[in-house]
Amino acid sequence: MSWEVRTMQSRTSFFNGTLFRKNLTRFWPLWGLASFVGALFPLALLLQLMRRENFYMWNNPLDFTEMYYNVAAYGVPVISLLYAILCAMMVWSYLYNSRSVGLAHTLPIRREGLFLTNFLSGMAMMLIPYVIIGALCILVSVVGGCFDPKGLAVTILTVLGLSFFYFASATFVAFVTGNIFALPAVYFMLHFLAVLLDWLVSTFAQGFLFGLSGGYTGVVEWLSPTVYLEDQLRVDSTYEIITTQTSLTGAYSETNQLTAVRLEHFWLIGVYALVGVALLALAWLLYRRRRSESAGDVVAVGWMKPLFRFGTAALAALLGGIALYELFWRNFQDGRYYEVAPMLVCMLVAGAIGYYAASMLLAKSLRVFRGSWKGMALVAAGCVALCCVLHFDLLGVEDRVPEASQVKKVELYTANNNYTFYPDEDAELLEQVRTVHQTIVSDKDDILEGYDRRMWAVNSGDVEYVSFDVTYELTNGLKVERNYGLTVTRDRMAQAGTYDNLLDRLVNSEAMKAKRLHVGDSRYDISSGYLYLEAVGDSFDLNSREAAAVLEAVGKDARAGTWGTYDWFENDRRDCYAMSLELSFTFMGEEGHLRGDWISINARPGMDNTITCLKDLGLVTDDALRTYGELYPEDYQDYADYVEKYGMGAVEEAGPASVGVIGGADGFAAVVVS
């Protein structure tokens, strides 16, 4: 008897079809419901197109492309963000239960096969709704005769790229965490951490640093993909005015026809798709070393546990510190900026809460206090270091005034006007702005010490509150933004070298008057205007030609010295004509979109060129030329007259707030404290 021995070569499969089909059938309610809800929109559109009066509502394929791009730019990132975590919670759910993960790892499927099969299952669940919705959209576009292959291809690539990135990021988080409830929490924190820290650090720093503007800066927004994509992806549509003539009546009509449409910054989809590849590779490396016993842990990776503990403590110290300070101490502080000792106490309390809460989650126990003093010491040291760095401005943030060679553009708001300066065109004005800024920084102590004292006298005629908000856009792409609340006085404005004097010389220079009117700036085109005459109740919409004529007349009055001189201490308009005169401009923004600007003109007696122009255009008559003081004499009782009649004691009794006087027909009626 002879025996024949046959050997079979073992093969390693990285994909298991049975598991793939089981995942799709097991979790069909998720992708089935998503497909049903999404399919409602193209079906509703199809029904509208099938109606006789709407069948030809879109006769241009670009109309459908524009609709696709709007959904891809503003809808797909948010939808994919939410849907990806649901799919990840389904296909990776076995990792979070000790029994299920033990069973999965005893199956005749290697980890490579489990990883690839489950990932492809999740991607299939991500794409099935898009495939169904896309097929219906194609049907609708074909029925409407508006099929555009290019627009469809760009939309498909956008959906594929974003779906892959978001599910890859959710997969990465799935292998970082070991708890099904921690997965969505860490996932959303990962996607929005950069934005949160940006806002949090900026808000915290502005409480210490003089002039620093708080709020969100967007410097690291690209680390929060959804926010960045919503901001950067834009639909750029180009329209052409088509003039047609009716054969029956000969009347002309104008319509806007879409001639081109593109998805701006489409390349970002490819970049984030590559990031998704990197995250997927990291997820696989984590899975290779993942212990089955980590099921149930909040953080499944050992070396990430200290990051979670101290990261939570840092976030709690910042966010909780600000909240506790505002709640318990803000009403007791003297100045406008944080006091170090109370803020430090608030940060330590909030940081301790965050530190021990994270420790309890990691240990799955309340007994975490023994031996924890070393970790708390590090948290306390971090809080002290941060407060000291900001309080003493060890980084020199307050003193920073960019050099002119570093500046690409400067935007300034002061004296109720916005100005934009370019180094090549406005070198002298830009240097004046920098000089004012440097003087304000050097006078910091005097400004802070005298601010509250001077605010008592605001609106008295000798002291006025003003804003000086400046933003430097640098050649390296960064921005330096500062906002200052200042008080200017008549005495200091007469003293050379003070910021009051330098600011007055800047604002009331001839060059700045021309800046307000955009004289000689080819970027701005006068587009329209508006005039309202209170004396007679008439209003007029000025066309571009009329607005240009008025602008030229105001420019003549500016050169003659009868318009444009800003009076820092005269807040009422009693000597102005009772009219609202506004001129509107259009200009092309740096992002390539048409933008608008406007200026409000207070017309006064003496502005002969402006008044003559308005009369020549037939807009005003002598009856309409009445000042606010003449039209509403009861509303303009002088502050000095009030003090002379009732004494300064009446003002002091009202407190250190601004005092307004409302006059009546028979004299003084009331004091209003705001």
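The structure contained in this document is the topic of the report that follows. All figures in this text were calculated on a predicted structure; none of them were measured in a lab. (Residues numbered from 1 in each chain as written. Predicted model: local features only at pLDDT ≥ 70, side-chain atom pairs only at ≥ 80, totals over all residues. Heavy atoms only, no water.)

### Points about the pairing of strand β4 (residues 417-421)
Okay, so step 1: Sheet analysis places strand β3 (residues 407-414) next to β4, joined by five bridges and oriented antiparallel. In the strand pairing of β4, Y413 is matched with N418.
Okay, so step 2: Connecting the antiparallel pair β3 and β4 is a turn made up of two residues, with A415 showing a positive phi of about 55°. (Pairing = 2+ DSSP bridges. Helix = DSSP H or I, 4+ residues; strand = E, 2+ residues; numbered from the N terminus.)

### Section: a nonpolar patch on the surface
Okay, so step 1: A contiguous nonpolar patch, built from L33, F36, V37, L40 and F41 and spanning about 550 Å² of accessible area, is present on the exposed surface.
Okay, so step 2: A residue is classified by how much of its surface remains accessible, and V37, at 40% relative accessible area, is partly exposed. (Patch = residues over 30% accessible without salt bridge, like charges linked within 9 Å, V, L, I, M, F, W, Y side chains within 5 Å. Areas by Shrake-Rupley, 256 points an atom, 1.4 Å probe, with all protein chains shown as cover. Salt bridge = Lys/Arg side-chain N within 4 Å of Asp/Glu carboxyl O. Buried < 20%, exposed > 50% of the residue type's maximum accessible area, 1.4 Å probe, protein only.)

### Examining unusual backbone geometry
Okay, so step 1: Residues other than glycine seldom take positive phi values, yet K364 does so here, at roughly 55°.
Okay, so step 2: Looking at the secondary structure, you find K364 in the loop between α12 (340-363) and α13 (373-391).
Okay, so step 3: For K364, a relative accessible area of 53% puts it in the exposed group.
Okay, so step 4: Its identity is not glycine, yet D393 carries a phi of approximately 50°, on the positive side.

### Overview of the packing of aromatic side chains
Okay, so step 1: Under the definition given, this model contains 27 aromatic pairs.
Okay, so step 2: Between F204 and Y338 the ring centres are 6.2 Å apart and the planes differ by 40°, which places this aromatic pair in the tilted class. With a gap of 134 residues between them, F204 in helix α8 (residues 182-206) and Y338 in the loop between α11 (305-328) and α12 connect regions that are remote in the sequence.
Okay, so step 3: By way of ring pairs, the aromatic residues W92, Y94, F115, F175, W284 and Y287 are connected into one cluster.
Okay, so step 4: The residue whose ring lies beneath R111 is Y287, and the NZ or CZ to ring-centre distance is 5.2 Å. (Phe/Tyr/Trp six-rings, centres within 6.5 Å; stacked < 30°, edge-to-face > 60°. Lys NZ or Arg CZ within 6 Å of the ring centre and 35° of its normal.)

### Observations concerning the nonpolar core
Okay, so step 1: Residues W92 and F167 are the most contacted members of the largest nonpolar core, which totals 77 residues.
Okay, so step 2: A total of 14 residues in this core trace back to one element, the largest contributor, which is helix α7 (residues 149-176).
Okay, so step 3: Setting aside its immediate chain neighbours within four residues, W92 contacts L114, F115, N118, F119, F167, T171, A174 and F175.
Okay, so step 4: The next biggest cluster of nonpolar side chains, apart from the first, holds 34 residues, and it includes V401, F468, Y499 and L506. (Core = buried A, V, L, I, M, F, W, Y, C linked by side-chain atoms within 4.5 Å. Contact = heavy atoms within 4.5 Å.)

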